[in-house]
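Read off the chains here:
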Amino acid sequence: LDLVSVTGRLSGFEVSGVEDGSGAAGAYAPGYGGARQALRLRSTQTDAFAWIGAYEHQGDAEEMIQHANSVRPRSMSEWRIVEQQAFAPSATGSPVAEYLLESQGERILVWRSYVVDGRSTASDSRAKLLTAWRVARGAGDRSMVVVLWTPLDDGAAHARDAARSRLGQSLESIAPVL
């Protein structure tokens, strides 16, 4: 697994750190630990961000799917999940887990998906099963979690549709390289 090589093939994204002073979306970071490699990206075309975690040789505290890993930051204090649902973006047709998170009055729309053996899934249990199947076949336990997010302007009409459009554009850019 080499996420650094992925950055050269991503059009419309640049590597980014946590951005203080750029609003809740810029300061947000998902709470996934144990990744062998991780990339935080910012779209150069729209107000969207991405975090990709690559997992391999997953041990007890280094599993992609574990209780401590979540779209909520590890501190758990600053963000709360307001809504959660499965959603199938037209960009890929593969379902994502969609979350509405809120912190200090600001909201972000978050999409989370797992990629195992070239297959995308929103389901924790399906990702676990696909990983177990890879291991049983002797193919190892390589997998990735992809988290995309964008600000959700509650004051604008059709704010969720606009946010979904931004995330869909981002997913279209990222999906081919995963």
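Residue positions are given per chain, counted from 1 along the sequence in the order it is written. Per-residue local features are limited, in this predicted model, to residues with pLDDT of at least 70; the limit for side-chain atom pairs, both in listing and counting, is 80 or more; totals at the level of whole chains, interfaces and linings are taken over all residues. The side-chain values count all of the structure's non-hydrogen atoms but skip hydrogen atoms and water molecules.

## Points about the packing of aromatic side chains
This is how it is decided: Paired rings are identified among Phe, Tyr and Trp, the last through its six-membered ring, by centres lying within 6.5 Å, and are further divided according to the angle between planes into stacked (under 30 degrees), edge-to-face (over 60) and tilted (the rest). Helix numbering and strand numbering both begin at the N terminus, where a helix is a DSSP run of H or I of at least 4 residues and a strand a DSSP run of E of at least 2. Remark: exposure states derive from per-residue accessible area (1.4 Å probe, protein chains only) relative to the maximum for the residue type, with buried under 20%, exposed over 50%, and partly exposed in between. Cation placement over rings: the criterion is NZ of Lys or CZ of Arg within 6 Å of the ring centroid and within 35° of the ring normal.
Enumeration according to the criterion identifies 5 aromatic pairs in this entry. Ring plane angle 10° and centroid distance 5.7 Å describe the contact between Phe-49 and Trp-149, whose orientation is recorded as stacked. Pair noted here: Phe-49 is in strand β3 (residues 49-55) and Trp-149 is in strand β8 (residues 143-151), with a separation of 100 residues, a long-range link. As far as burial versus exposure is concerned, Phe-49 and Trp-149 are alike and both buried. Among the aromatic side chains, those forming a connected cluster through ring pairs are Tyr-28, Phe-49, Trp-79 and Trp-149. Positioned over the ring face of Phe-87 is Arg-164, at 3.8 Å from the centre of the ring.

## Side note on the environment of Gly-34
This is how it is decided: We call two residues contacting when some pair of their heavy atoms lies within 4.5 Å.
Within the secondary structure layout, Gly-34 lies in the loop between α2 (23-27) and β2 (37-43). Taking relative accessible area as the criterion, Gly-34 reaches 30% and is therefore assigned partly exposed. For the pair Gly-34 and Gln-58, spaced 24 residues apart in sequence, the C-alpha to C-alpha distance is 8.1 Å. When neighbours within four sequence positions are excluded, Gly-34 is seen to be in contact with Tyr-55, Ala-61 and Glu-62.

## A closer look at the pattern of salt bridges
Rules: The rule for a salt bridge is simple: a side-chain nitrogen of Lys or Arg has to be within 4 Å of a carboxyl oxygen of Asp or Glu.
Tallied over the full model, the rule gives 11 salt bridges. Where Asp-124 meets Arg-112, a salt bridge forms, and the shortest distance between an N and an O atom there is 3.5 Å. Of this pair, Asp-124 sits in helix α3 (residues 124-136) while Arg-112 sits in strand β6 (residues 106-116); the two residues are 12 residues apart in sequence, bridging distant segments of the chain. The exposure class of Asp-124 is partly exposed, given its relative accessible area of 36%. Note on Arg-112: relative accessible area 4%, which makes it buried.

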